[in-house]
Each structure stands twice: as structure tokens, then as C-alpha cells.
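What follows is each chain in one-letter form.
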Amino acid sequence: MPLPGKKLIFCLLWAIILLSQWVHGQHCIWYGECGNSAVVKEKKLNCNYTGPPKPLPDEGQELLKELCPGLIYGDNEVCCDTQQLTTLKSNIQIPLQYLSRCPACFFNFMTLFCELTCSPRQSQFVNATQFSADPEHNATNVLEVSYYISQTFADAMYNSCSDVQAPSTNVKALSLLCGRDASECTPQNWIQYMFDIENGQVPFAIDPVFSDVPTESMIPMSNRTFNCTQSLDDGSGPCSCQDCSKACGPTPVPPPVLPPWTILGLDAMILIMWCSYMAFLVIFFGVVLGAWCYRRRMVTSEYGPILDSNQPYSVNSNGTDFVDEATCCETLGERFENMLRVLFSRWGSLCVRQPLTVILTSMVLVSICSAGLSYMRITTNPVELWSSPSSRARQEKDYFDQHFGPFFRTEQLIITTTWKDWGSLTPASGPDIRFSPILNISLLHQVLDLQTEITNLKAEYKGETVTLQDICVSPLAPYNDNCTILSMLNYYQNSHEVLDHLLRDEFYIYFDYRTHFLYCVSSPTALDDTGHFHDPCMGTYGGPIFPWLVLGGYEDDAYKNATALVITFPVYNYLNDTDKLGKALAWEKVFIDFMKNYSNPDLIVSFSSERSIEDEIDRESDSDVTTIVISYVIMFVYISLALGHINSWRSLLVDSKISLGIAGILIVLSSVACSLGIFSYIGIPLTLIVIEVIPFLVLAVGVDNIFIIVQTYQRDERMAEEELHQQIGRILGDVAPSMFLSSFSETVAFFLGALSTMPAVRTFSLFAGLAVFIDFLLQISCFVSLLGLDIQRQEANRTDILCCVKLPDGPQEKSEGCLFRFFKKIYAPFILKDWVRPLVVAVFVGMLSFSIAVVNKVEIGLEQTLSMPDDSYMLDYFRNLSEYLHTGPPVYFVVEDGHDYKTSEGQNAVCGGVGCNNDSLVQQIYAASLLDNYTRISNVPSSWLDDYFDWVKPQSSCCRYYNATGAFCNASVVDKSCVHCRPMTSSGKQRPNGTEFMHFLPMFLSDNPNINCGKGGHAAYSTAVDLKGNDTDVGATYFMSYHTILKTSADYIDAMKMVRELTDNITQAITPHDKSYRVFPYSIFYVFYEQYLTIVHDTAFNLGMSLLAIFVVSTVLLGFELWSAVLVSLTIAMILVNMFGVMWLWSISLNAVSLVNLVMSCGISVEFCSHIVRAFSVSTRSSRVERAEEALAHMGSSVFSGITLTKFGGILILALSKSQIFQIFYFRMYLAIVLLGATHGLIFLPVLLSYAGPSVNKAKAMAARNRVVGSERERLIY
């Protein structure tokens, strides 16, 4: 139906009004460039122009298509000319290199600037508010505009870019583009910062106005945006998970921490062992009580006299009763026992008859073996000491060193202050900003003076002067020779002048060192702080100074609250160049001496050098020499005095055996020297553990055997027709099998311990096993000859030491020693009383139960502080390192040679940008960094591959070459002959593949970052890619990240364990089935802490093999008495388990040092147990109790006076050591070894034998009877 006339006229008028508004919206506010900016003089201002949009020439069309594809429509009439587009392209180079990783983000970002610069609808949302005349061009400059932006658009642009990473810097891109940390960046302050005329990039003021509704007749720019999960119209894919958290799906959740194993709310192990112990007590005491009642009823007493002289367990029988009862095994055991007895008897007799021959032969052999000490090498290198060459960590370290060079040597200072007053900055707008005392400018000048003094230090090496410049890391050399100094003062170019930069008036401070600091901690890669002085944040060496590396003692990202400054001087490490390494060591020594003498009342400085730990360990060893010598002197004096048996004061000088004791000690030391010499001949280096522990071990074993031989002789009666050599031969035949049993058991146990993969444990086991065996050989030869000579001296009534002095003959008195009488008359009968034995079992089983309950609670690891002397400067450094440092050590994810980076498939398996696999290497590390408390990975990795893709893009000005020569052309070079590496085509925008990939990669790795291209890979990646085949292929590469803060051994162990699990997953994800390369993690501490991943297994294996060796040897040498060997092994096992209980109580952690001590305790425990068990097995008394009593009386006193008292005196001196490692791992563990060994061997074992000892070997009993029948000894015994 036709409209009424008035209504029709109204509609036409409304249409005309709308059309006029639309036409008005089509005009421009500028076109072309006019005069230079007064603020940024090298940049141009736009010319004011209010006419309609103009079409572009062909060159401009190409630029518009490249930069602003959203404006390509119609006749392409726009409000900018070709020069403006060229300027736009130049200005967006840095954002392009960081944001183009995410196509949606970069599209939205470019929309913001394209609409501002060229939009034909410019006047709808851009309003020019200030102008200036330009007489030169007869035009008007635009000095200030208001840019109306939809809040929705601003939010969408920010959201699409908020997660984009900057791989080379391990931070988010917005941290570099927002003028503040990404966590503080918002849509508004990001856009405001980019448009701020003070940032040094914008030639005129742009005032952004955010609104979603028309304001002041302006319609906010609200163009279409893309979410980072969306694909673009040109086919570009969605952003990667690393650059777009929304594309990642649900945030990964770490697996729940396993709760402690509890039962009814109590620790499960403790509860189980408590219940088991209670059950054992009930059963054991029930059985003991029942047996006692039965014995009371059926038998008078276990101690009753032997009523029947012909009962089978009495040597008083005529021997015929045993013939039919002895088993084959018993007969075999007796024959083997007799063979050893005869062999050692004849050998002992020979040694006494030919003493000079035996002694001289021994001395010659000892001299020959000891001469090998001239070839001795002592290993102090911690890597050689703790890491096996065949271990995974060692092989990975060698691989890293070979392909990328060894990790830098580190010289570091941690600086705090005694000042307490905080400072504050009053900015032109906003509240006051408080700064910690250490950031006071006066203190910073003092710190800079210290830093400068260090850089000027000079050392001498082989007549040459060595400075820091000669050895420091200079990543941009030879273009930039400045040393890498990771210091907050590098924000000020290490210059007092820059530090003092100040711009203020009488009211406000507009710029000073604090404003520069705030800018740099948020944008450490900035080449211009956009302030009045345009100071850079990048260090003088050409790299960024990340705040978490140079500041400490703050929370979250509050860097201005830092309470410590950290200064690090990386120095090159040299793998096979001893001269260059010597220069570094010489300079480090001067550095350490300088810092030890440095004093400043305002600064508290702790420091460390790469050589510090090794130096302090050496100093510690030197300082402990006195303690060790005193310890050994005390043991030597005791041995010399206690070995003699003084029958009367009149015969004191004759009966003493000081000279024999000294000879015995020299034999022990000779066996140690022989062991060291033999292995030095072979070329096996020594370790400090070998030098410190083995003399203690061999002295323990050797002294025990010496006391057994001498005291057995002192208790023996020579027969009327028996000569001295026959008597000593007979005695040696009695005791040498027991000595052989203990020594051979220890030797085999130690040699099996050499199967360990730990160098420290393996070396100790080899040296200890050989030393113990040589000691045994010298004792049954040289010492026996010396004993024969000493007895002849004594019988000739000549004084000890001064043997030429002969005293008048007197009546020869012989009596039992006090200790022997005590053991025989008092101690042994008491321990084996009916009511004492059950209590002993209850106590020792209780100790065992407790130790089993806490064995899994022993800490694993070795804190670095324990390896330092009490007065070491390193202790302050370690404390400050733990308290102030805010990042962990760097970790390198190494991809071994074999991965194909030239194919899309190979690239997608590794990279982290658009189109990369969701389970790529970079993506998996990124996902792990989101769970930093679990994975111990704190940052996304720096990815040379992703940065290379950004660098080589045709839109970027980074990758260019000289058209004539093909040589690389740096982005800072202005030369028309420089052309882009790749064409601005659809294929050119794709990633390079094949030969093209390799053609430009060397250029990337040699490109230094600059103001026009921040993606140059020389500084960040020059060592990260191992090119091979004359730069035609990529070999091994690495991707670097950081661990979280690691403070304790448990943290280091957990970090290495988690990152290895991560790389195993990465290897499985990226390695094709037909390839065998892998991805592995490398960090400098892995070689030291890898041992703790398997320390429990290694401990169980070493101790298990030692126990197995002891069991097998004991079975054979005890005459194939299997049960005796079982009891020996059981008792030693109890000692070892109780050692773990002591370790838990005394806070001794499980590590290589304590494992060596545990292996040693296994050997020493044999001395406490085997002699008692063998004495029990050869005893022919009527009952187990009597046999245990006899064994304890005869062997117990020798064991107590020998190994127990000797070691106890020497160990107490170790408590005075300045070394924490000595106090904990030697004093505490040695004391526990001796106390546990003595109590188990002299208290528990006799009681155990009285209950469960083996029956009398009937063949041995018969043989014992036959040996004395018809002799004078038959009368003495019976």
C-alpha cells in the first residue's frame, strides 16, 4: 500500500541524513608524511588531510596486502600512502617477531594499527585534536589524535595475545611489549603503552578512548577479531597450546601425593614392627619358660657336671663312640679343618726357624709393591669421584660437552646490606613506590665499585697476565667483546654515569635509576626504556638481564622488594685445554683471595668460585691430617702397651711388647702401602675416602689378629719336649684358620663390593680387599717371625726395645691376664645365666625391630654444607643461596643427532608454534612448566626452532641477504641491494623445508639481535645447534629451561627424577620407529645426584653381596658347617640393620660416603663374630652354654682388647675434627660400628649360640681327642 505523502517525505529526509553521515565517515584525517617529530626526531609526522580516501599504486597495494589484508576490498582506496605503509612495516618489526607465533593475535594486533593508519573510515573513530604547521611541505602536521576503540575489541586482542611466548627469553611476549610484566598487563595499559609518545616509538601522541558505544559522535573501532583457537581466513591455523591456553584443554593436574603409609593413624612400619616384637616376646618367653620348667623336671641343670664320661659330646670319651655317628659332611669338615691346621702349623714353625729369611723377603716384597706409590694419583675431581664413566649422567655430560662445550664455570656474589631503611619514589601520578634498602643508589654505587674491581683483577699464569676479559663468556664476540656479567647494574650498562641519570622538577621525579629499574625488570630485552635518556635494559654483552637471576629475597614478582643482589661472572670451561683451564683457575684463585680480604661495613658479601668446593675439600683434608694423626697415635700407643702381658713389676721391661706392637702396626701400614702401590702400578687413582678410611679398616682387622696370636701364646703352656717353633706352629695352627676365615671373608666381600657402579665405593672396595688380604699374609709370616724373635728375647730375659740389655735371671712367673680372667670368671658366666640370656635376646630383637621400622626413614643425599669445614666461607654462600636465590639451575633438553629438522614432520615433533604437534618437545616442556611444583620445571623452554621460524618469515626484516653475493645482510644495515630471504607469497610464508631450511639457518645463528630484529640467534643459540656436514645438516641440539628453586638434596634428586621421566615421554613421542636417537636432560648437578636415584638398590646390592660372600666363605672355612655360617651372617645382618637405625637417630644420610662405611662395617663385623663362632664350633664341651662360655672367655677377651678398645680410643678423637663430614660420617658412624659390633659379637652372639648354636662336630671331637692322647697335654686338659 503506498505511503502517505508526509510519511514519504519524512523517510526521504532521514535517508538523506544517514547518507550524509556515511559520506562524512568516509573522509580521512591524514594522508602521507610531512615534517619530523620533535619528540622522536628520526620519525615523521603524518600530514593533515580531510579529503576522501585515495587509491594506492601497485607497490602500495602489495604492502597493503601484506600488512592489512582486511582493508583489501573495492578499489582499495585508503587514507595512507605507500610511505606510511613502509613506516608501519618498519614500526611493527619487533611485535611481528614475537606475536606472529600466534596468527590470531597478530591479525588482531595489525587490525588495531591498520585501521588507525589506513582505514577509509578513519574519521569515524580517529579524531585529530592538535596540529602544527609544516612550512617546508606547505602542509599541516598532525600532532595528537584520539583513537576510539571498542572495549570488546581491546579485550579480544589482549586475550588472543596474553599467552604468547617469547622463546629466546623464557617469558611471555607481553612482558616485552607492554612496558611492564605480563602479569600486570591489561588491555588498556598495553594499548596505552604502545600509543604513549614517551615510549620512543610513536612520533605523535595517540590518546586511546575505550568504549563500546558511540561517544562524542565517534563510533569506536570494533572490527572483527579472531580467538586464538580459531583459524584465519587465509588458512593460518589456530595458535598452539603454548601460545594459547584455551587451546590446551583442561589444565593438567599433577598426580596426588601418596599419603604416608599409616594404620589406624599411626606409622604403618612402626606399628607392624611393634606388634611383631610384642608377638615375638610372648612366643619367645613362653618357649623359654616352658623349656625351663621341662628342664627342671627332667634334668637337674644345664650346667650340671658330666656324669657319664662316655656321653657323646664329651672329649673324655675314648673316641670310639664317634665313629659311627659322624656324618659325611662332618668328616669332610674335620679333614678340611685338619688340613688348614697342619698347613698353618708347618708354616708357623718355618717362620720361627727362619725369621731373617721371612722378614727380609717380606720387606723386599713390601718395598717393591710400595714403590708403586710413585705413580699414585689422587682424584679430587667431584665428577670422577661420584659418577661412574658408564653411568647415564656421565655419558650424557660427555655427550653435551662434546657437542656444545662444557658448562660454564661460575663465579658468583650474593650481596645483602646492613641498612634497614627503605626508600620510596614519588611518581608524577599514582601512590609512592617503596624500594628495599639494597636498592639505595649509594649502595648500588658501592656494589658497582666492587664489580668493577673484580673485572679489573689480574692473575699470573706461566708468566702471562690473565684478566677476566681473557676467560669470560662473550656470546657476541668478535662483534661485541664485553664479558657477560649477570648483574642488576648491567641495566645501567655498568656505568656510574647512567646510574645517576635523573630528570625531575621541584615536585616530581620523572626519571631516575628506579624508574629505569622498574621498566627493565618487566622488559629485560628492551633496547630502549622509552624514558628521557632512552637507556637500554639489555646488558653490555648483548643479552638480557633477567631479574630472577640477579635479584633475591623477594616474593612473587615484587622485584623492588629484593633484599639481595646476585652478581654472576660466567667463565668459559675448557674440556681438553689445560693451558686455558689453568688461566681460569689462576684468575679464580686471585678472585677468591680478593673476596676473602674485601671489607665494606655497608655490604655483606658471600661468594663462590667454580674451584671453591674442591679447594675447600682439599683444605679440609689438610686440616684433618692432625686429627687423624692424633687418632692413630692414640691407637698405636694403646696397642704397644696393651699387647704385653706383665707377670710382675720386676719383669715389666722384659714382658712388655712395645717393639712387637710397633712392628705389628708397621705391618698394618705396610699392607696399606702395598695395596695403594699395586693399584697405582695398574693406574687406578686414589680417592680421599681410600686414604682416610682404609688405614682405619686395616688397623681394625690387623690389630684384632695380632692380639689373638699374642694372647693365645700368652695363655698357652709349652710341653716339656716341645721347642719354641713347634709351640708357635701349633698355636698358629689353632688360630690361623680363624684369622683366615675373617680375613678371607672380608677380602671376598670387599672385592664383590667393587661391582658397585659408584667410583668411590668401587675404588674403596678394591683397595680395602687387597689391603686386608696382604695384611693377613704379612701377619702369618713376618709377624710370626717377629713374635718368635720377641719370645726368644723375653726368654733370654732381655729388655724390650733395648734388647741388648740383659736383666738378671729370676723365677719365671706366668699368670692369666686380668681381662682374660674377667671374661672367664665373671663376664662369660654372667651373660650366659638362665635369666640373663632371655633379656639379652629381648633387648637385641627390640633394637632390630626398631631399626627395621625406621630403615625407610633414613634421608638420602649429602647436603653440600656438610662437605665444607666449619670455618669455610662457602657455608655463608650456601645459606644465602638457599635463602635468596629465586631460580634453580638451568636444564638443557638435548635432542641427540638423528632428528630430521628439514621436514615438516620433524619440525612439528619439536616446535611449539602454530601447526606443531600437541605432544611436541616444546609443548610437553611447556605443559610440565605449568606444574612446576611437581615437575620442577619453572619456565617454558627457549626454542631455537620457533625463533628461527619467526626470524625467517618474509614479513620480518630479520632474514635478508645481499642480492649480488648471497651473504647475510643484518637488519640494521640500510642497503637497497639487501633483499628478503623468502618471497611474500603463500609458499614463502610457510616454514622453510629441505635445503632452504639449512641455507638460512647458519645466518640465523650468526645474527646479532638489534633494534630492528630482536630474534637474531647468535647470543641465545650459537651453541645450541651443532651443525654438521659443512653446515648442510643439523646434528645434536638443545632447548634450555630452568629448574625451580632447589634447596635440599631431596629437591635435587626429585628434580632429576621428574625431568628424566619427562624426556622419556618426549623421546617416545617424537622419535620415529626406525630411528634410535633420544632426548635427554642435562644439568650440571646431575652427575653428582644420579647416584641417589639408585642408592637404595646399590646399598642392598653391595651389602647383600658382602653378606653372601661372608656366608659362602664361612661355610667352607668353618668345615662346611652351614648353620654356623648362617649364624655369622645373621648377626652381621643385624649389625647392618641396626646401623640404619643409628643413622636415622643420628641424622646420618645415606650416600656414597655412608655406603662405604656400611661396606666397611660389614667387614669389621666379621672380626667381631667369626672368631667367636669358630671357637664355638671347635669346642667340645658338653652343652651349647658351656661351649659358648668357653668361646666367649677365650676369644672375647682378645676381640675386646684388640679391635674394640683400640678403635674406641681413636674414634673419640675424630669428634674434635673441624670437618662436618668427619664428625658425622666418620666419628658417628665409626663409633656406631664399634659399639654395635662389640655388643653383638660379645653379648648377643654368645647368647644366640647358647640357644641355637650348631651341635658338636663329632668328627672334630674325635680328632681333638686323638691329637692329645698319650701326650702331656692330655694330662693338662683332662
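Just so it is clear, the model here is predicted, and its values are computed rather than measured.

1. Observations concerning the pattern of salt bridges
Side chains that carry opposite charge are capable of pairing whenever their charged atoms lie near each other. The final tally for this structure, using the stated rule, is 34 salt bridges. The partner of Glu588 in a salt bridge is Arg409, with the nearest N and O atoms 2.8 Å apart. With Glu588 in helix 20 (residues 578-597) and Arg409 in strand 13 (residues 409-417), this pair connects stretches of sequence that are 179 residues apart. Exposure class is identical for Glu588 and Arg409. Each is buried. Notably, a salt bridge pairs Asp512 with Arg514, separated by 2.8 Å at the nearest N-O pair.

2. Notes on the sheet that holds strand 21 (residues 564-571)
The antiparallel open sheet is built from four strands, whose spatial order is 20-21-13-22. Each having just a single partner strand, strand 20 (551-552) and strand 22 (603-608) make up the two edges of the open sheet.

3. Notes on the packing of aromatic side chains
For the coordinates displayed, the defined rule picks out 65 aromatic pairs. Taking the centre distance of 5.8 Å and the plane angle of 35° together, the rings of Trp951 and Phe968 count as tilted. In this pair, Trp951 sits in helix 33 (residues 944-952) while Phe968 sits in the loop between strand 25 (960-962) and strand 26 (978-980), placing the two residues 17 residues apart along the sequence. Over the ring of Tyr49 we find Lys54, and its NZ or CZ is 4.6 Å from the ring centre. Seen from the ring of Tyr1251, Arg837 lies directly overhead, with NZ or CZ sitting 4.5 Å from the centre.

4. A few points about the side chain of Gln84
Note that Gln84 resides in helix 3 (residues 82-91). Residue classification places Gln84 among the buried positions, given a relative accessible area of 3%. Polar side-chain contacts of Gln84 include one of 2.8 Å to the backbone nitrogen of Gly32. Setting aside residues up to four positions removed in sequence, Gln84 forms contacts with Trp30, Tyr31, Gly32, Glu33, Asn46, Cys79 and Thr117.

5. Observations regarding the nonpolar core
The biggest cluster of nonpolar side chains holds 358 residues, and the ones touching the most others in it are Leu112, Trp190 and Phe764. Top element by residues in this core is helix 42 (residues 1220-1252). It accounts for 20 residues. Residues within four places of Trp190 in sequence aside, it is in contact with Leu99, Phe109, Met157, Tyr158, Cys161, Leu174, Leu177, Cys178 and Cys185.

6. Focus: the state of the cysteines
In this structure the tally under the stated criterion is 15 disulfides. Bridging Cys68 to Cys114, the disulfide has an S-S length of 1.8 Å. Here the S-S torsion is close to -80°, and the disulfide linking Cys68 with Cys114 is therefore left-handed. Taken together, the residues Cys68 in the loop between helix 2 (58-67) and strand 4 (77-78) and Cys114 in helix 5 (residues 103-118) connect sequence positions 46 residues apart. Overall, the relative accessible area of 2% leaves Cys68 in the buried class. Overall, Cys114 belongs to the buried group, its relative accessible area being 3%. With no disulfide partner, Cys351 has as its closest neighbouring cysteine sulfur the one in Cys782, 9.0 Å distant.

7. Examining the packing of helix 25 (residues 724-753) against helix 26 (residues 759-795)
Orientation of helix 25 relative to helix 26, taken along the N-to-C sense of each, is 175°, at an axis distance of 8 Å. One finds that helix 25 runs roughly antiparallel with respect to helix 26. When the residues that make up the contact of helix 25 with helix 26 are grouped by side-chain class, the tally is 20 nonpolar, eight polar and two charged.

8. Side note on a nonpolar patch on the surface
Where nonpolar side chains cluster on the molecular surface, the patch consists of Val364, Leu365, Ile368, Tyr375, Tyr681 and Ile682 and spans about 650 Å² of accessible area. When residues of the nonpolar patch are traced back to their parent elements, those giving at least two are helix 12 (355-370) and helix 23 (658-682). A per-element tally of the nonpolar patch places helix 12 first, with three residues. Here Ile682 shows up in helix 23. A relative accessible area of 59% places Ile682 in the exposed class.

9. Focus on the pairing of strand 27 (residues 1025-1028)
In terms of strand pairing, strand 27 meets strand 28 (residues 1033-1042) through three bridges, oriented antiparallel. What sits directly across from Leu1027, in strand 28, is Val1034. Counting the residues in the hairpin turn of strand 27 and strand 28 gives four residues, including Gly1029, whose phi is positive at 60°.

10. Some words on empty space enclosed by the protein
Over the atoms, a rolling probe the size of a water molecule traces out where space has been left empty. All told, the structure shown has two cavities of 30 Å³ or more when counted by the stated rule. Reported here for the second largest cavity is a volume of approximately 30 Å³. Lining the second largest cavity we find Ile709, Tyr713, Ile728, Ile731, Leu732 and Leu787. When residues of the lining of the second largest cavity are traced back to their parent elements, those giving at least two are helix 24 (688-715) and helix 25.

11. Describing the side chain of Asp1007
Mapped onto the secondary structure, Asp1007 falls in the loop between helix 34 (994-1006) and helix 35 (1018-1021). The buried charged residue Asp1007 lacks any salt bridge partner; its closest oppositely charged side chain belongs to Arg960, at an N-O distance of 8.9 Å. Within the local environment of Asp1007, its side chain forms a polar contact with the side chain of Trp951, the two groups lying 2.8 Å apart. A polar contact of 2.6 Å, which involves the side chain of Asp1007, links it to the side chain of Asn970. Not counting residues up to four positions away in its chain, the partners in contact with Asp1007 are Trp951, Cys958, Phe968, Asn970, Cys1013, Gly1016, Gly1017 and His1018.

12. Overview of the packing of helix 3 against helix 5
Contact pair helix 3 / helix 5: the axes reach a minimum separation of 11 Å and the direction vectors enclose 155°. With respect to helix 5, the element helix 3 is oriented roughly antiparallel. Crossing angle aside, the handedness with which helix 3 passes helix 5 is right-handed. On helix 5, the residues touching Gln84, Leu85 and Leu88 of helix 3 are Met110, Phe113, Cys114, Thr117 and Cys118.

13. Some remarks on a negative patch on the surface
Among the surface-exposed residues, Glu184, Glu555, Asp556 and Asp557 lie close enough to one another that they form a single negatively charged patch. The topology assignment puts Glu555 in the loop between strand 20 and strand 21. Among the residues examined, Glu555 registers a relative accessible area of 64% and is labelled exposed.

14. Quick word on the environment of Gln412
Its place among the elements puts Gln412 in strand 13. With relative accessibility at 10%, the residue Gln412 sits in the buried group. Taking the C-alpha atoms as reference points, Gln412 and Asn561, 149 residues apart in sequence, are found 21 Å from one another. Among residues more than four places away in sequence, those in contact with Gln412 are Val566, Ile567, Thr568, Ser606, Phe607, Ser608, Tyr877 and Leu881. A distance of 2.6 Å separates the side chain of Gln412 from the side chain of Tyr877, its partner in a polar contact.

15. Some remarks on the sheet that holds strand 28
Strand order in this open sheet of four strands is 27-28-24-29, and the pairing throughout is antiparallel. Each having just a single partner strand, strand 27 and strand 29 (1079-1082) make up the two edges of the open sheet. Put simply, the sheet's adjacent strands are angled 15° from each other on average, direction ignored. In this structure, strand 24 (residues 890-895) lies alongside strand 28, joined through six bridges in antiparallel fashion. The residue bridging Pro890 from the neighbouring strand is Tyr1042, located in strand 28. On top of the sheet, helix 14 (residues 392-404) reaches strand 24, strand 27, strand 28 and strand 29; it is set at about 90° to strand 29, its chief contact.

16. Focus: the confidence of the model for the protein chain
Here the protein chain averages 85 in pLDDT, while 92% of its residues score no lower than 70. A low-confidence stretch, residues 300-323 stays under pLDDT 50, and its non-local contacts, those more than four residues away or across chains, total 40 contacts. Per-residue pLDDT stays below 50 along residues 1272-1278; that stretch engages in 17 contacts with residues further than four places along the chain or on separate chains.

17. Comments concerning helix 38 (residues 1095-1117)
Under the 1.5 Å per step criterion, the end-to-end length of helix 38 is 32 Å for 23 residues, consistent within 8% with the ideal 33 Å. Positive phi appears at Gly1119, one or two residues downstream of helix 38, with a value of about 80°.

18. A look at helix 25
Compared with the 44 Å implied by 1.5 Å per residue over 30 residues, the 41 Å span of helix 25 between its first and last C-alpha is a close match. Maximal helix bending in helix 25 amounts to about 40°, located at Val735; proline Pro737 follows within four positions. Within helix 25, 24 of the 30 residues are buried, which leaves the element mostly enclosed by the surrounding structure.

About the thresholds
- Residues numbered from 1 in each chain as written.
- Predicted model: local features only at pLDDT ≥ 70, side-chain atom pairs only at ≥ 80, totals over all residues.
- Heavy atoms only, no water.
- Salt bridge = Lys/Arg side-chain N within 4 Å of Asp/Glu carboxyl O.
- Helix = DSSP H or I, 4+ residues; strand = E, 2+ residues; numbered from the N terminus.
- Buried < 20%, exposed > 50% of the residue type's maximum accessible area, 1.4 Å probe, protein only.
- Pairing = 2+ DSSP bridges.
- Phe/Tyr/Trp six-rings, centres within 6.5 Å; stacked < 30°, edge-to-face > 60°.
- Lys NZ or Arg CZ within 6 Å of the ring centre and 35° of its normal.
- Polar contact = N/O pair within 3.5 Å; in protein donor to acceptor, adjacent residues only side chain to side chain.
- Contact = heavy atoms within 4.5 Å.
- Core = buried A, V, L, I, M, F, W, Y, C linked by side-chain atoms within 4.5 Å.
- Disulfide = S-S within 2.5 Å.
- Axes fitted to C-alpha atoms, helices over the stretch in contact; angles between N-to-C directions.
- Parallel < 35°, antiparallel > 145°, perpendicular 65-115°, else oblique.
- Nonpolar A, V, L, I, M, F, W, Y, C, P; charged D, E, K, R; others polar.
- Patch = residues over 30% accessible without salt bridge, like charges linked within 9 Å, V, L, I, M, F, W, Y side chains within 5 Å.
- Areas by Shrake-Rupley, 256 points an atom, 1.4 Å probe, with all protein chains shown as cover.
- 1 Å grid on protein atoms, 1.4 Å probe; cavity = no way out; pocket = protein on both sides within 12 Å on 5 of 7 lines; lining within 4 Å.
- Points joined across faces, edges and corners; volume = space filled by probe spheres on them.
- Lys, Arg positive; Asp, Glu negative; His and termini not counted.
- Left-handed = near helix turned anticlockwise from the far one by under 90°.
- Charge placed at Lys NZ, Arg CZ, Asp CG, Glu CD.
- pLDDT = per-residue confidence, 0-100.
- Expected span 1.5 Å × (residues − 1).
- Bend = angle between axes of the 7 residues up to and from the residue.

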